[in-house]
Every structure is written in C-alpha cells, then in structure tokens.
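Below, each chain spelled out in residue letters.
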Amino acid sequence: MRTNLLLYSVLCFALGWTHNLQGQTESIPLGLEAQIAAVRKLQPPLRVLYVAAHPDDENTRLIAWLSQGRSVETAYLSLTRGDGGQNLIGPQLGPELGVIRTDELMAARSIDGGLQYFTRAVDFGYSKNPEESLEHWGKDSVLSDVVWVIRHFRPDYIVTRFPTDGRGGHGHHTASALLAEEAFDLAGDPSAYPGQLRWVKPHQSKAVYWNNSPWWDKTLADQSKANPVQVVEVEVGDYDIVSGTSCNELASLSRSMHKSQGFGIPMARGEMKEYLIFRKGQPGIHAIAEGQDPRLLGHPGLSGLENFIRTGQTEAALQGLFALRSQIPQESAHRIDLLAAGLCGVYAGLRSEVKEVVQNEEISLYPELMIRAQTDVQLVSVEVLGKRDLYNKSLKYNVLWSDTARREARAPLSSPSWLEDNDGRLYHRSQALRAIPVDSASVEAVFHLRWGVEVFSVRAAAEYRWTDRVQGELKQPLSVVPPATIAFDRQWVYSSGTPVNTVISVQCHSGQFHGNLGFEVPEGWTVQPKFIPIDAGYAGEIQQYTLSLIPPVQARNGLSQGVLRPYWDPSGSPVRGFSEIDYAHIPHRTLFVPTQLPVRAFALEVCTGTIGYIEGAGDEVASVLSELGFRVEVLDETTLLEGNLNRYTAIVAGIRAYNTREVLVQAEPRLLEYVRQGGTYVVQYNTNGSDLKLPKLGPEASIAIGRERVSVETAPVRFVDPEHPLLLEPNRIGPADFEGWAQERGLYFASDWDAQSQPLLSWSDPNEPARLGGLIVRPYGKGIYVYTGISFFRQLPSGVPGACRLMANLLCGEL
C-alpha cells in the first residue's frame, strides 16, 4: 500500500491542486508516507481503467487495492455525472446535482488514489434497458468518448463493474459494459474516430474483465480455484503496517464521499474478496493479483531514492530524483516537480483579500512561498495571470516569502465549463477537453524554483481565507465573476391567461457596470418593459425590477408555454445567473450559466386554506405550490408533535421524508388522526431501504412501498376510474395532462395495499406489465390519505401543467 490517503486527501484540499498532463489533480506530497507513494508513481506505469455508469457505481475496494495495494495507476470512467439522480443533502437537482456528484467523485478519488474521467452523457434518470440509454445519448457519441478515454489513459486492462447481460439492472449499467467491450476493440484501430488522432494515438489494451463480487455470485471462490486465470481472486483487505490502514478502510472512506446519495458506510476491515472475470483479449491481470507483473518491481533507480527519503537524506534524494528525469515517461514528468517540491518542504499559496473579482478588472494577489527543508532553493520567477515576475533570489529556511501581484483578471469565469452546452442528451465539449474531469482554477500562480542547476515548478490556486472562531482557518477558491448576473423570483411563471408580474434582481458585481437588459419572449407573449437600462451604483449592488408578462389571448382557453430569455443589448450575448454550491465535503463552487425563465399559461383551479409542508430530503415542491396560489407553511417538529394540524386544508410530506425525519415516527399517530377527522395527507415517494422509519405507511399500515417505477416520461396513462372525484375536481384530469413530463413518470411505487385503498392510474414502461402503485388513495374516517410515487418533485419545478393540475386535485379534492 502506498499511503494513508485519509491524511493525504486533507492535505490535497489544504495545500491546493496542480493539474497533470491527464487533466487530473494531484498535490505536493508532504511527509514521508506521501513521498514514498510519490516515488512509486514514477515507475513505468501499469494502468487499469474501471468503467461504470454513475458516480457511486464504482467499486472503491478494487480501486483502492489496485492503486494503493499494487501501485497500479487506476482510473474510473463514469459515463455520466449523476445529474439524473436524487439528492439527500439539499435541493439541487439536474446539472447542479451533477456538479455535486462530480466533486464527490473527485473527493473519493483523492482518498482511494484513483484518477477520474467522464463521457459527455447526461444522466437522464432510470433506464430499464441499454437500448433506450444508447438511443437517448446517441450510441456513437458516447462510444467515441469511451474510445477517447482509452486512448488518452492508455490502460493495460479494462474492468467493468457490470455484466453485459442485463443483470446490473439499470440500463445505463448494462450500456457501460457494452460500450467498454466495444471500445476495447476500436481504440487500437486508427480508422476508428480518426479525428481523435490529432491529440492521441491508437491504443490496444490487453484484456477486458468484469468485476464480480461474492454478494452477486456465491460460487466465485470455487470458480477461481478451478480456473484462477479466467476467474481471478483478489484479496482487497490487505493491511499496510507503514500507513496503519487497509485497502478496504480506504475504500470505506472513499465510498462515504457519496453523501448526496446517502452512501455513508461503516468502516470495513479484515479479509474481503473481489473477483475479476475474463471477458476478452489476452488474460494477464492475474499477474497483478499475484504481484508478478514485472512493472510492479519499479525502476531500478527508485529503490535508492526511496531509501534516501526514508533516511532523511534530502540532498541525496533530490539529486537522485532529478537524475531520473530523462528516464521517466513523459506523462509522469510533472510528478518529478511535485516530489521535488515535497522534498524541499514547499508551501505555495496565492492569497486574495476578496472572495471574487470581476472578469477583466484589476485585483491585487499575494503569492506566498516557504521552504521548510534545510536545502538551498532559489525562487526564479512567479507567473500570475499571464505575466511573469523575475526574482532570482535564495529563499530563507522556514521563512515565509510574499509579494504583491497587481493584475487584470483576464481569466475564464469560475463555473464548470461542461455546463455551458447541454441539450438533454450530451454535455457538448471540444475534443481536447473531454478527458478533463474538472476545470483547473481560474486564477493560479506558477512558481518556478531552482535547486542547484535543476528547475522545477509548482502551482497554487488563488484563494480567499478567513478565520472562524470555532473551525479555525477557512478558505474557498477566488471566483472570477461576470460584471452582472440576474435572478428571477421564481423558477417559472404561471399565468391563468391574464398578465402576471415577476421580479428580476440584477446583481452588479462590478461598480462600473452599465448595460441594457433586453428580453426575448415566446411567440404571442409580450413583456413590459422591453428593455431595462442597468447602471451600477457600487460593487455588490442589487437592483430589482418588475416585469409584466402578458400571455396571448387564446391562452385563456388553453395552454401556451415557452421561455423568456434575457440578453444584453445590443450584443445579444446571454445573461448569466449566479448560484453557489457549498458543502463541507467538497470544494465551494460558483455557477454562472446562461439563464432563462420558463413561462406557462394554463387553466388551474386551487382551493383556499393553508397547506402544511413537511420537509424531507430536499425538494422545491412547496415553493412551486406557493407560486400556484396556495398558501403554504413549512411544519417544524413542534407543530408536528404539538400543533393544531386541523387548521390545514392538506398536509404534504416531501420526498423521502419517512427516510430522513425521525420525528415522523412520533408524529404519525397525530397525522393519521388529522386524516380521520377530515384532513388530506399526501405522502410523496420514499425509498424502501433500511432507513425507512416505518415498515408500512398509511392508516392501519395499509400501504407497502416497493421498487417499481415507470422511467419513460411518455408512457401512456390509463385511468383506473376516470370518474374518481380526485380526477374531476377542481380540475378535470385527462390524457393531455400527462404530456410534456420530465425524465420519468415516477419511482418507488406502492407494491401492496389493502382493499380500502384505490389506485387511480396505470402505466408501464415498454414490454412491462401495468404499474398501478404510482397513485394510491386511501379513505380514512372523514379524510383522505394519498401515497404517490409520481415524481412531482421533478414535474412541478419544471412547470409541467398537468402535474400541477393533478397535485391541486390531490390537495383540494373531496371523496
């Protein structure tokens, strides 16, 4: 094993990142353990590419064992960024969730030692077969991306997490295995995707394996004994006496980084087996398991270098390291510089006294450097934002050096570049950028140092620092921001066919900003005013304006929808929104993406009274209900346990509320009594895992939750009872209300219910039986209990008219 990556990952965040030639991130190795690990990364590379479909699909046990236990350069290729999943820690969904899950993968790799890649595929939610997945993405586009990663990373072996026969369940899972095996055949063929050869060369990996696990197949141990080359057994629980950790401990920490998916797991220790099933090519990965692959023995000069480091001979270690420069593969050359910096005890930073700088405006930055090993190092120059300052001075041992760099912030915006162009199928990126999992810092310093006659460089991202009296020093990357951003006061505009007002907030990040804000409206709609002149009074000023949106006359009797697009006049350039993602386990992110406001005009009747909302894992249903005209109150624990629930017309439980809210176990009798006395209680989907607080839901525990879902958003609907009161009042629900839905119909449908419960809708995915558990109504006393797996949490924020009308009926209807 190479290093205790728990400490190493902390240092990665603390000391800043540098990009290597493969678009990955590595930090200066400080301390004996990290430096020994860095030495072993210099050996002739033996590489394994692990392939699956989503963040959290990867087997961190195998990645940690390969990377740490066998010093194999290991990368995980996730077809998607997980943007179609759910979010257990906050309200972000879609591309914003993709940002979170991308950074969770990067955090996981910083622990288990792997590298990370993605294709351009958008996670469009659950898919039941690979054909649907590949048709949605465009098979050739995603296949070309897998070929690109193979040619870029150049693995000896490819390992898939899922089989090709569909046993992996999710269509994306099976598609990932099929694509990996086909890409294995194509990557070495120069006639396949020849446009890639401007940047990479064809590469033929040796073999493809499928990573099977004992919990899938109990016979694997016997299969391996019978044929150890075809079914390779791997012990992933090895303990390393130097670091004091085992591979499966690192794997547990890595797995627990997937916090948005609720994948925190207990620490695993001790014996644990994984299996690699040969699929195609030439078998050989068994040599890695046995420690017999000659490349595991390393470069002959590395053992002496490692010994110098272990014995604290810094000068000899540096001399031996630089002697290896001409013998190290080009793609590992950056690691010479990183290790040299580590041996010199380099601290490098680029401090900012402000959190953000407007693109192209001036800022003062403060490069900082310290040499904490007793060796003679000279600072040659520092490069910041395209300008290099020369110094040629010796640095004093353990004394902080700093200077001031006044620069114009001619740098890209601090926003994930892959968000810029998304058509619902792919995140479109130029070929050269497709191997880069995350963008490098918008602003960084490059320090050019000299030891003897050898020159090496280190990088440091610009960051803003402050001190919290409880947590100590905190920091976040310096953000490069647009001169102005806007925010609407709602996710989408609803109109019953009459004019409606919305408030737009313009944040002037630059105190010098002057612009003319214009609006492009859907056909038939008008907006007043058509233009808004913006003149900043000071940096940070927020100006608010009211827009009046007038739908076409015919919208009063039907449906009219489209998108309001703001732009800067006269250039026509798009206007950007501003959002932040800030969770403790991943880096702080700012997002500046072109913004727009969906507008909808449709017939909708709502009831008076107040709706109580019980927050679950995080959704935006309550805010949309407010926009539709409902009066909504979020219910706290005191209200649930002691308050007068009878004053609410209806109560709604947010998604996964019974998975995440312990208070609901105590509150359940009061909620059911509220229903018995005449209230309506609508429970949105919950998962049926071990964290479900109650084994069954509803009056008299009448409803069991299953795993059925309908993933095709256009699946035809059948009304079990078209004349049921909840389908008639206050809005008559018909087939047109199920058009234009987003991503899916629903998930975690009820699997069983008693005779008094009634399903209202039936639908199914292609070639599957009817699914009746998506909307279950259970009369109880004078009231109504509803369990629904319908994905209202996606449909309402997306402004799907029919879903809004159906939810209104559930809240307002009577039996």
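Residues numbered from 1 in each chain as written. Predicted model: local features only at pLDDT ≥ 70, side-chain atom pairs only at ≥ 80, totals over all residues. Heavy atoms only, no water.

Asker: Explain the overall build of the protein chain here, please?
Answerer: Within the protein chain, the regular secondary structure consists of 19 helices and 45 strands. For 815 residues, the compact-globule estimate of 2.2 N^0.38 gives 28 Å, and the C-alpha radius of gyration of the protein chain, at 29 Å, lies within 12% of that figure. Expressed as lengths along the three principal axes of its C-alpha atoms, the size of the protein chain is roughly 85 × 75 × 60 Å. Split into buried and exposed, the 815 residues of the protein chain put 58% on the buried side. The contacts of the protein chain with a sequence gap of at least 6 include a subset with a gap of at least 24, amounting to 74%. When the accessible surface of the protein chain is totalled, it reaches about 32,000 Å², and 50% of it is carbon and sulfur. The centroid of the 74 positive side-chain charges in the protein chain is displaced by 3 Å from the centroid of its 92 negative side-chain charges. (Helix = DSSP H or I, 4+ residues; strand = E, 2+ residues; numbered from the N terminus. Rg over C-alpha atoms; globule rule 2.2 N^0.38 Å. Buried < 20%, exposed > 50% of the residue type's maximum accessible area, 1.4 Å probe, protein only. Contact = heavy atoms within 4.5 Å. Areas by Shrake-Rupley, 256 points an atom, 1.4 Å probe, with all protein chains shown as cover. Lys, Arg positive; Asp, Glu negative; His and termini not counted. Charge placed at Lys NZ, Arg CZ, Asp CG, Glu CD.)

Asker: Could you clarify how one ought to interpret the sheet that holds strand 44 (residues 775-780) in this entry?
Answerer: Across a sheet, strands are paired by hydrogen bonds formed along the backbone, either parallel or antiparallel in direction. Pairing is mixed in the open sheet, where seven strands are placed in the order 36-35-37-38-45-44-42. Edge positions in the sheet fall to strand 36 (631-634) and strand 42 (758-759), since each of these pairs with one other strand and no more. The strands that helix 17 (residues 663-676) touches are strand 35 (610-614), strand 37 (650-653), strand 38 (680-683), strand 44 and strand 45 (783-788); relative to strand 45, the one it contacts most, it runs at about 130°. Relative to the sheet, helix 19 (residues 801-812) contacts strand 35, strand 37, strand 38, strand 44 and strand 45, its axis offset from that of strand 38 by approximately 140°. (Pairing = 2+ DSSP bridges. Axes fitted to C-alpha atoms, helices over the stretch in contact; angles between N-to-C directions.)

Asker: Looking at this structure, how should I read the state of the cysteines?
Answerer: Enumeration over the complete set of coordinates arrives at one disulfide. Two residues, C607 and C812, share a disulfide whose sulfurs are 2.2 Å apart. An S-S torsion of about -70° defines the bridge between C607 and C812 as left-handed. Of the two residues, C607 sits in the loop between strand 34 (597-601) and strand 35 while C812 sits in helix 19, which places them 205 residues apart along the sequence. Residue classification places C812 among the buried positions, given a relative accessible area of 15%. (Disulfide = S-S within 2.5 Å.)

Asker: Looking at this structure, how should I read helix 9 (residues 247-255)?
Answerer: Residue pairs three or four apart in sequence face the same way in an α-helix, which turns once every 3.6 residues. Taking burial as the measure, the nine residues of helix 9 include seven buried ones, the bulk of the element. Turning to helix 9, its buried residues are C247, N248, E249, L250, A251, S252 and S254.

Asker: Looking at this structure, how should I read the pairing of strand 34?
Answerer: Remember that side chains alternate between the two faces of the sheet whenever the strand is regular. Where burial is concerned, most of strand 34 is hidden: five out of the five residues are buried. Residues L597, V599 and A601 point to one face of strand 34 and P598 and R600 to the other, with burial holding for every one of them. Across three bridges, strand 24 (residues 493-495) lies against strand 34 in parallel orientation. Paired with V493 across the strands is V599, a residue of strand 34. Sheet topology note: the strand 30 (residues 560-569)/strand 34 ladder contains five bridges and is antiparallel. Each bridged residue has a counterpart across the sheet, and for S560 the counterpart in strand 34 is A601.

Asker: Please clarify how helix 3 (residues 60-69) should be interpreted in this entry.
Answerer: A large share of helix 3 lies buried, amounting to nine of its ten residues. Along helix 3, the residues that are buried comprise T60, L62, I63, A64, W65, L66, S67, Q68 and G69. The backbone nitrogen of R61 has a side-chain oxygen 3.0 Å away, supplied by the residue at the start of helix 3, namely N59. (Polar contact = N/O pair within 3.5 Å; in protein donor to acceptor, adjacent residues only side chain to side chain.)

Asker: Mind showing me how you'd approach the side chain of R465 here?
Answerer: With respect to the secondary-structure elements, R465 resides in strand 20 (residues 454-468). Assessed through its relative accessible area of 19%, R465 is described here as buried. Side-chain polar atoms of R465 contact the side chain of Y347, separated by 2.9 Å. Polar contacts involving the side chain of R465 include one to the side chain of E463, which spans 3.2 Å. Ignoring anything within four residues of it in the chain, the contact list for R465 reads Y347, G349, L350, R351, S352, E368, E473, L474 and K475.

Asker: What is the right way to look at the nonpolar core in this model?
Answerer: In globular proteins that are soluble, nonpolar side chains generally tend to be buried together. L671, Y681, L761, Y787 and L811 are the most contacted members of the largest nonpolar core, which has 78 residues in total. Looking at this core, the element that brings in the most residues is helix 19, giving eight residues. In terms of nonpolar packing, the next biggest core, distinct from the first, is built from 53 residues, I363, L395, A409 and V481 among them. (Core = buried A, V, L, I, M, F, W, Y, C linked by side-chain atoms within 4.5 Å.)

Asker: Would you explain the side chain of H724 in this entry?
Answerer: Relative to the helices and strands, H724 is located in the loop between strand 40 (718-719) and strand 41 (750-753). Excluding residues that lie within four positions of it along the chain, H724 makes contacts with Q758, L760, V777 and L815.

Asker: How should the packing of aromatic side chains be read in this particular structure?
Answerer: Aromatic rings considered in pairs are described by the distance between their centres and by the relative angle of their planes. On inspection of all chains with the given rule, the structure shows 25 aromatic pairs. Ring plane angle 80° and centroid distance 5.0 Å describe the contact between Y391 and W401, whose orientation is recorded as edge-to-face. Taken together, the positions of Y391 in strand 16 (residues 387-394) and W401 in strand 17 (residues 401-402) put the pair ten residues apart, joining distant regions of the chain. By relative accessible area, which is 9% here, W401 ends up buried. Look at W741 and W763: their rings are 6.1 Å apart centre to centre, the planes differ by 70°, and that puts the pair in the edge-to-face class. On the criterion of sequence distance, the pair formed by W741 in the loop between strand 40 and strand 41 and W763 in the loop between strand 43 (761-762) and strand 44 is long-range, its members being 22 residues apart. Ring pairing ties together the aromatic residues F162, W210, W215 and W216, which thus form one cluster. (Phe/Tyr/Trp six-rings, centres within 6.5 Å; stacked < 30°, edge-to-face > 60°.)

Asker: Is there a simple way to think about the sheet that holds strand 29 (residues 541-550) in this case?
Answerer: Reading across from one edge, 23-25-29-27 is the order of the four strands in this open sheet, with antiparallel pairing throughout. Among the strands making up the open sheet, the edge pair consists of strand 23 (484-488) and strand 27 (526-528). On average, adjacent strands in this sheet sit at an angle of 30° to one another, irrespective of strand direction. As defined by bridge partners, strand 23 adjoins strand 25 (residues 500-508) across five bridges and the pair is classed as antiparallel. Bridge pairing in strand 25 places A487 opposite S505.

Asker: Would you explain the environment of D569 in this entry?
Answerer: With respect to the helices, strands and loops of the structure, D569 is situated in strand 30. Judged by its relative accessible area of 30%, D569 falls in the partly exposed class. Setting aside its immediate chain neighbours within four residues, D569 contacts N516 and F531.

Asker: Help me understand the pairing of strand 15 (residues 378-384) in this model?
Answerer: For strand 15, the buried fraction is high: five of the seven residues fall into the buried class. Counting the residues between successive antiparallel strands, the hairpin from strand 15 to strand 16 contains two residues, one of them, L385, with a positive phi of roughly 50°. The sheet contact formed by strand 15 and strand 19 (residues 444-451) spans six bridges and is antiparallel. Residue pairing for strand 19: S381 is matched across the bridge by H448.

Asker: Explain the confidence of the model for the protein chain to me, please; I cannot follow it from the model alone.
Answerer: Reading predicted coordinates in detail is not appropriate for stretches of low pLDDT. On average, the protein chain scores 92 in pLDDT, and the residues at 70 or more come to 96%. A low-confidence stretch, residues 1-22 (pLDDT under 50), is modelled with 82 contacts involving residues beyond four sequence positions or located in other chains. (pLDDT = per-residue confidence, 0-100.)

Asker: Whenever I open this one, the pattern of salt bridges confuses me. Can you help?
Answerer: Considering all chains together, one arrives at 48 salt bridges under this definition. Note that D112 is salt-bridged to R109, the shortest N-O span being 2.6 Å. Of this pair, D112 and R109 are both found in helix 4 (residues 95-112), three residues apart, which corresponds to roughly one turn of the helix. Residue D112 is classed as buried on the basis of its relative accessible area, which comes to 0%. Relative accessible area serves as the criterion here: at 3%, R109 is assigned to the buried category. Between R490 and D489 there is a salt bridge; the shortest N-O distance is 3.0 Å. Via salt bridges that share partners, R351, E353, E368, E463, R465, E473 and K475 belong to a single interconnected network. (Salt bridge = Lys/Arg side-chain N within 4 Å of Asp/Glu carboxyl O.)

Asker: Mind showing me how you'd approach the environment of D535 here?
Answerer: On the secondary structure map, D535 appears in strand 28 (residues 531-535). Residue D535 is classed as partly exposed on the basis of its relative accessible area, which comes to 46%. Separated by 27 residues in sequence, D535 and C508 have C-alpha atoms that sit 8.5 Å apart. Not counting residues within four places of it along the chain, the set of residues in contact with D535 comprises F513, H514, E541 and Q543.

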